[in-house]
Each structure stands twice: as C-alpha cells, then as structure tokens.
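Single-letter residue listing:
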Amino acid sequence: MKSALKGAFVIAQTTLIEALRNKILLVSLAFAVLLLLVSIAGASSSVGEQERIIIDIGLASASGLGSLVAILLLITSFAAEIKNRTAYTLLARPVPRWAFVLGKYFGVYWAMLIVVTLMFVATATALNLYDVKGVPDGFWAALWLCGVEMSIVSAIAVLFSAMASPVLAGIYSVGLVVGGNFAADLLALSQRLGEKEEFASAFFKVVYWALPDIERLSLRTQITNYLDIPNNYIELGTTYGFAYSAFLLTFAMYIFSRRRAI
Amino acid sequence: MSAIKIENLYYSLKAHFWSKRLSILKGVNLEVEEGQIFGFLGPNGAGKTTTIRVLLNLLRQDQGKIEIFGADPRKISTRKHLGFLPEHAYFPEYLSGYELLVQQGQLAGLSLKESKSQAHDKIEEVGLSGKADVRLRNYSKGMLQRIGIGQALMGDPRLIILDEPMSGLDPLGRRDIRELMFSLKKQGKTVFFSTHILPDVELICDCVALLMNGQIKQQGALENFLSPKAHSGIVVRVRNLQSEHLVDLEKSASSVERRGEECVVKVKSMDEANTLIDRVRGWNGQVIALKPIDLSLEDIFVQEVTQANAESKS
C-alpha cells in the first residue's frame, strides 16, 4: 500500500510538471488576464458598478476557464497517454492501476488549485488597484469553493478518461460539467411540477441527484450583490463536493483496474 | 529458474462492439531461462507485441498461465523485477531525459536520492551524456530509443523486455545496443526482445522463438535453430568455359551466372558439385573456388513465413 501511494505521488508530481509546462495552461492564464483587463476597462465606464463587473468576470473566468482547462489537461495527460501508449512504461512498473488514476487526478487537481488561486489573486489585485471597496467579504471563501468545484470537474474528467477515448472523454466531461451547472434548475423544475406531474417531477429529481450540483459551489451571486452567505454553506458545499469527487474517483479507479486492455 | 514461462496462452479481441472476436494468440508456449538473451521473432501481426503486453499485464489473457521468475506478473511485487521498452518509444515529451529516468527509478521502488544517482549512470550507459537536460520532445528517434532503454534499466531489473529495441537506430546505435545487451547478460540479467533485424539476432541471441499467426512455430537455442538446415547449396566458381558448355551446365545446375570471364554455378549437393567439377575439368576449364552456402536466420525466417502463408491459404 505504501509503495502504491508512493507511486501515485510520483505520477502526480510528473503530471503537475506536465500541466505547468503545458501550453493550454499558459494560454488560459493569459486569456484570464486579458478578460480581467477588459473588465477593468468596462468598469471604468460603468459608474457604481466597477467592483461588481470585475468580481463577476474574475470569478466566472476562474470557474469556467478552470473547468475547461482541467478537462483538457486530464484528457491530454490521461486519456491521450493511454491512446498514445505513453502510459505503458508507467503501468509496467510495480504500480497498481488505481494508483495511476489517483496520481493523474491529483497532479491535475494541484495544477488547477494553482490556476484558480492565480485567477483570484489577479481579481483581488485588480480590485485593489481600482480602489473601489477592496476585496469583499466571502471572496476567499469563494476561492475555497472554486477549489472544491475543481475537484469535482477533475474527477469527472478522470472518470471518463479511464473508460473512453480522448475525444469521447472530452465530450462526456464537458456535457456533465455543463449539466452540473444547470442541476439546480432541474431541482427547481421538479419542485414546480410538483404533484401535477408526479412522474416528470420524480424523473427530474433523480437526474438532479445524479448530476453534480456545481452551481451550488459558486458564491458569485452572493459576493457581487453583497448578500450574506448562509450559515454552514461553505461546510456543506465542501462536504458535498469532496464526497462527490471521492465517489467518482473511486469509481474511475475501479473501472481502470478492471479494464481488460490498456 | 525460468525468467519467463508461458503456457497455453490465448488472447482475442473485438475491434468493435458489433464485430466478431478475433484470435490473436492461439496457445502460445514459451520458456526463457534466466541469464539468456532471447530473441522473439515473427512477421508483422504475428502477436509479438500482444504477447509482451500480456506479460506486462497491460492486456489480460482469455486463457493460459504466465510466470515471471515463478510468480504471477499481475502481482505488483513480480513487476519489481521488470524493465520494459515499448515498441515505439512513447514518453512524456515535456520531461527531460534525466527527469524521465528519475521518475522511472522512483516508480521502480528507488528512493529519490538513489534514483537521481542511478539516472546519471544510466544516461551515461546509453550514451546520452550532455543531452540529459534536453526535453524529450527535442530528442531524435535514435535518442528516444536510447533513453527508452535507459528507463527500462532503472531499478536494475532482473528481466529486461525490449519491444523492437533496434528500430530507428543507425548501425552504430545498433552496435551500442548489442554491446549493452551483452553487458547486461554478463551482469546475470535476462534480456527478452522482439525484433525484425535478424542479423542482430544471429549476433547476440542465445535462444530464439519464432511466432507466426499467434503460435510458436519454432523455439530453441540459436545453433539448433540453424543447424538442421545449415546449407542451402554449394557455389562453384569456374572459368575458361565455352558458351555451349554453359548451356549444358544450365540443364543440371540450380543456377548459372556469368560474371566476366568467370562463371558462378550453384548446385544443391556435394555430389552434384563433384560431378560438375569432373565435367569442367573434362572441358579443360578451371575450378577457382568451392563454397557451401550457409542458411541465415533470415533465410529460415522467410522460408517459414512463406510456408505458413501457403498453408493458411490452402
């Protein structure tokens, strides 16, 4: 077990190096900075709305671009490595297959934590430079939840990478993440249908429970509108996010360990 | 103890969900003794790479038993004794050669310190000193092959499995790899490699196996492999013959080829050669040389493949 975990750690380390040297990451960071500059320019012409625009664009970039980059990195470092057989030399070593999955997941997850932190720091810097009201309450809590969101997105991408070709893994992952962003709407729809349409209501509720409720991990609305963050929101979101990620990751490790051909 | 023992190995696959199952390995039996250099031969599509992938637990067999040093290769502890170079040297191109070797060393169970120290030695051993810090994306095909062998040697495995190690190497590179294999053998390690470059096999292998259509066609020590069919004929070089004599010889010899004033006549046996010599002397011609034609491994390989293809067609 100890040597398997050591193997997972070594794979995570090299995956992190790969991610940090990958052009996808650099291009997305440059794009995020560009978006932030645009938001600053836009804010200068919207009196009274400056802070709101900068936070909105900064946090949306961190979540949206972050999710996209996490998926792309996992596809290139996991699904594509299986397809291109780069993974053969790793899997021929005394490392169990589940440790390979675990290593790939954590390598990309660590990279994503660095990326979203950089994006939040850039947003905070822009707010301070603009000298509006500074960083609002709950801003750093939003970074924490964004990190939890990245753990779910990375787990989704790792699951599909463990079972499908790079192209299909990419399509499925994007589909599930987009679906997860609308999961709360499905719950609302199910409640609205209520007793009138029992079957449809139950169906949408099941779909809601199956999908990751990613939208719930965003504090964008609360922060930009200066709303209070409900009690236990961070704790519940963290527990939900990590539990969902752990389930997907365990499932990915199981599937990859059982695969007949790699 | 056998380094590798394969008994009755079957593997099949489905290209698509709806397609018929295709048999790739059809009862492969193979035994490689410890300390040997073993050549695994076969035409394209014979199942060499599939066999190697099953050995490494990258594919799971339908049926059959595999042992590496007496243990199941699916066990993690068994794979501690293995080093592997894949057919095409695919490595993460964002790493440098040194980083790749350190990573592989750690995965083989070495500490970071041991891994770093061994990586320096292996880089030197495969002739890549000075290129250690270059990213793999900037390596040539030959350099990738060398670093691939270097990574297979990390952790000092007892068994080194090389899938087409000579491909992409120039003659000097091939010579270096041959010497490396000899040095591994001297250290008591077992080298199991697949290749298409048969002259290399003749130079370095103790034993060979010929795989065709998913089955082992022949297996054994190289000298046994070659000796039963050691000669394919005899070449007699003659001169001072008239054209009508040559026409006469063409009727009895396997082939007659004119080269300036000389003539190269090929016959099947020593008896035929003696008859030929008597006739040439009778015509006042001169016999310059007499040489048996040794069958190379390549000749045997071509014969076997041709025969197997003919059998499968009929």
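Residues numbered from 1 in each chain as written. Chains lettered and ligands numbered in written order. Predicted model: local features only at pLDDT ≥ 70, side-chain atom pairs only at ≥ 80, totals over all residues. Heavy atoms only, no water.

Looking at the domain arrangement of chain B
Applied cut-off: In this document the domain limits rely on a domain assignment from an automatic tool or a database.
Each assigned domain of chain B is listed here: domain 1 (2-227) and domain 2 (231-294). Each of domain 1 of chain B and domain 2 of chain B has a C-alpha centre, and the two are 47 Å apart.

A closer look at the environment of L186 of chain A
Residues and elements named next belong to chain A. The line we're drawing: Under the scheme used here, helices are H or I runs from DSSP no shorter than 4 residues and strands are E runs no shorter than 2 residues, and both carry numbers assigned from the N terminus. Note on contacts: a residue pair is in contact if any heavy atoms of the two residues lie within 4.5 Å.
With respect to the secondary-structure elements, L186 resides in helix α8 (residues 183-193). In this structure, the C-alpha to C-alpha distance between L186 and L211, residues 25 residues apart in sequence, is 9.8 Å. Ignoring anything within four residues of it in the chain, the contact list for L186 reads F204, V207, Y208 and L211.

Quick notes on the sheet that holds strand β4 (residues 63-68) of chain B
All names here are of chain B. Operational definition: When DSSP locates at least two bridges between a pair of strands, those strands are taken to pair. Where helices are involved, their axes are fitted lines through C-alpha atoms of the stretch in contact, as for all axes, and angles between N-to-C directions lie from 0 to 180°.
Pairing is antiparallel in the open sheet, where three strands are placed in the order β2-β1-β4. Each edge of the open sheet is held by one strand with a lone partner, namely β2 (22-33) and β4. For this sheet the average axis-to-axis angle between neighbouring strands, irrespective of direction, equals 15°. Here five bridges tie strand β1 (residues 2-13) to β4, and the two strands are oriented antiparallel to one another.

Concerning the pattern of salt bridges
Residues and elements named next belong to chain B. Spelled out, the test is: Salt bridge, as used here, is a side-chain nitrogen of Lys or Arg placed within 4 Å of a carboxyl oxygen of Asp or Glu. Working definition: with a 1.4 Å probe on protein chains only, accessible area under 20% of the residue-type maximum means buried, over 50% means exposed, and in between means partly exposed.
Summed over all chains, the structure comprises 20 salt bridges over all chains. Of the charged contacts in the structure, one is a salt bridge between D72 and R74, with a shortest N-O distance of 3.1 Å. Note on R74: relative accessible area 47%, which makes it partly exposed. Its salt-bridge partner being R178, residue D200 comes within 2.6 Å of it at the nearest N-O pair. With D200 in helix α6 (residues 198-204) and R178 in helix α5 (residues 171-186), this residue pair connects regions lying 22 residues apart in the sequence. Relative accessible area serves as the criterion here: at 17%, R178 is assigned to the buried category. Taken together, the salt bridges that share partners define one network made up of R146, R175, D176 and E179.

Focus: the environment of G66 of chain A
All names here are of chain A. With respect to the helices and strands, G66 occurs in helix α3 (residues 50-83). In this structure the C-alpha to C-alpha distance between G66 and V116, which are 50 residues apart in sequence, comes to 6.5 Å. When residues no more than four places from it in sequence are discounted, the contact partners of G66 are S61, M112 and M150.

Things to note about the pairing of strand β6 (residues 159-163) of chain B
Residues and elements named next belong to chain B. Test applied: Every crossover in which the path from the first strand over the helix to the second runs clockwise, viewed with the strands pointing away from the viewer, is termed right-handed.
Judged by how many residues are buried, β6 sits mostly within the fold: five of five residues are covered. Of the two faces of β6, the one holding L159, I161 and D163 and the one holding I160 and L162 are both buried throughout. In this sheet, β6 lies alongside strand β5 (residues 82-85) in parallel orientation, the contact comprising four bridges. Following the sheet pairing, F84 is matched in β6 by I161. Taking the sense of rotation as the criterion, the β-α-β connection linking β6, α5 and strand β7 (residues 190-194) turns out right-handed.

Describing the environment of S151 of chain A
Residues and elements named next belong to chain A. Positionally, S151 belongs in helix α6 (residues 139-163). A C-alpha to C-alpha distance of 18 Å links S151 and Y254, two positions 103 residues apart in sequence. Not counting residues up to four positions away in its chain, the partners in contact with S151 are Y105, Y109, G241, F242 and S245.

Considerations on helix α11 (residues 233-258) of chain A
All names here are of chain A. How we decide: In this scheme, a helix's expected span is set at 1.5 Å multiplied by one less than its residue total.
Along its 26 residues, α11 runs 37 Å from first to last C-alpha, staying within 8% of the 38 Å computed at 1.5 Å per residue. Of the positions making up α11, those classed as buried are Y233, G237, T238, G241, Y244, S245, L248, L249, A252, M253, I255 and F256. Looking at the buried residues of α11, the elements they touch are α3, α4 (88-91), α5 (97-130), α6, α9 (198-210) and α10 (220-224).

A closer look at the nonpolar core
Filter applied, for reference: The criterion is simple. A nonpolar core is a set of buried Ala, Val, Leu, Ile, Met, Phe, Trp, Tyr and Cys residues joined through side-chain atoms within 4.5 Å.
If you look at the biggest cluster of nonpolar residues, it comprises 113 residues, and the most contacted ones within it are F78, F100 and F256 of chain A together with L159, I161 and F192 of chain B. Once residues lying within four places of it in the same chain are set aside, the contact partners of L159 of chain B are A3, I4, I68, F69, H81, L82, G83, T190 and F192 of chain B. L95, A119, L128 and L162 of chain B belong to the second-largest nonpolar core, a separate cluster that totals 51 residues.

Notes on the sheet that holds strand β3 (residues 37-41) of chain B
All names here are of chain B. A sheet is described by the order of its strands in space; here six strands give the open sequence β5-β6-β7-β3-β8-β9, paired in mixed fashion. Each edge of the sheet is formed by a strand with only one pairing partner; in this case those strands are β5 and β9 (215-221). Neighbouring strand axes in the sheet, compared pairwise and without regard to direction, differ in orientation by 15° on average. Examined bridge by bridge, β3 and strand β8 (residues 207-212) share four bridges and lie parallel to one another. Bridging across to β8, F40 finds its partner in A209. Relative to the sheet, helix α4 (residues 141-153) contacts β5 and β6, its axis offset from that of β5 by approximately 165°.

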